[in-house]
Amino acid sequence: MSQSQLLRFVFSGLMSLWMSLLMTAFVVWLNLGFDSSYLLRWRQSFLSAWPAAFVIVLLFGPAVQRLSHALVARLPVWAWRR
């Protein structure tokens, strides 16, 4: 595995970890509130969401990065030079 492939896997793992951790914590709290079963429900949601998030970031990350580059290239210079 090349360094760029390893970087892509590590980035996908970390990005999906933090996004699924924060999003499931928020959505479980929003839908069910914070009670004695919160941590159990959050853990179940997180363990279900993280693998899906990892695959999604791994598959769609390169396309989103290309789109980001294209959008930034079209911004006027004054929008990013401050």
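Residues numbered from 1 in each chain as written. Predicted model: local features only at pLDDT ≥ 70, side-chain atom pairs only at ≥ 80, totals over all residues. Heavy atoms only, no water.

### Regarding the overall build of the protein
Thinking step 1. Regarding its fold elements, the protein presents three helices and zero strands.
Thinking step 2. Put simply, the protein runs from its N terminus to its C terminus through helices and strands in the order α-α-α.
Thinking step 3. A compact globule built from 82 residues should have a C-alpha radius of gyration of about 12 Å, whereas the protein, at 17 Å, is more than 25% larger.
Thinking step 4. Within the protein, counting contacts between residues at least 6 apart in sequence, those at least 24 apart form 64% of the total. (Helix = DSSP H or I, 4+ residues; strand = E, 2+ residues; numbered from the N terminus. Rg over C-alpha atoms; globule rule 2.2 N^0.38 Å. Contact = heavy atoms within 4.5 Å.)

### As for helix H2 (residues 38-74)
Because the α-helix completes a turn every 3.6 residues, residues three or four places apart line up on one side.
Thinking step 1. Here H2 contains 37 residues, and its C-alpha end-to-end distance of 45 Å is more than 12% below the 54 Å for a straight helix at 1.5 Å per residue.
Thinking step 2. The largest bend along H2 reaches roughly 50 degrees and is located at Phe60, with the proline Pro62 sitting one to four residues downstream.
Thinking step 3. Residues of H2 that are buried sit in contact with helix H1 (3-32). (Expected span 1.5 Å × (residues − 1). Bend = angle between axes of the 7 residues up to and from the residue.)

### Observations concerning the layout of surface pockets
Gaps between atoms show up when a probe of the same size as a water molecule is rolled over them.
Thinking step 1. Computed from the structure, the largest pocket encloses a volume of approximately 200 Å³.
Thinking step 2. Looking at the lining of the largest pocket, the elements with two or more residues in it are H1 and H2.
Thinking step 3. Among the residues forming the lining of the largest pocket, the class breakdown is four nonpolar, four polar and one charged. (1 Å grid on protein atoms, 1.4 Å probe; cavity = no way out; pocket = protein on both sides within 12 Å on 5 of 7 lines; lining within 4 Å. Points joined across faces, edges and corners; volume = space filled by probe spheres on them. Nonpolar A, V, L, I, M, F, W, Y, C, P; charged D, E, K, R; others polar.)

### Here's the deal with the confidence of the model for the protein
Thinking step 1. Residues at a pLDDT of 70 or more form 96% of the protein, whose mean pLDDT is 92.
Thinking step 2. Helix H3 (residues 77-80) is the least confidently modelled element of the protein, averaging 70 in pLDDT, while H1 averages 95, the highest of any element. (pLDDT = per-residue confidence, 0-100.)

### Describing a nonpolar patch on the surface
Thinking step 1. Taken together, the side chains of Phe11, Met15, Met19, Met23, Phe26, Val27, Trp29, Leu30 and Phe34 make up a nonpolar region of the molecular surface, amounting to roughly 930 Å² of accessible area.
Thinking step 2. Structurally, Phe26 can be placed in helix H1. (Patch = residues over 30% accessible without salt bridge, like charges linked within 9 Å, V, L, I, M, F, W, Y side chains within 5 Å. Areas by Shrake-Rupley, 256 points an atom, 1.4 Å probe, with all protein chains shown as cover. Salt bridge = Lys/Arg side-chain N within 4 Å of Asp/Glu carboxyl O.)

### Quick look at H1
Thinking step 1. The end-to-end C-alpha separation of H1 is 42 Å, in line with the 44 Å expected for 30 residues at 1.5 Å each.
Thinking step 2. Of the positions making up H1, those classed as buried are Ser12, Gly13, Ser16, Ser20, Thr24 and Val28.
Thinking step 3. As for H1, its buried residues are in contact with H2.
Thinking step 4. Among the residues trailing H1, Gly33 stands out with phi positive, at a value near 80 degrees. (Buried < 20%, exposed > 50% of the residue type's maximum accessible area, 1.4 Å probe, protein only.)

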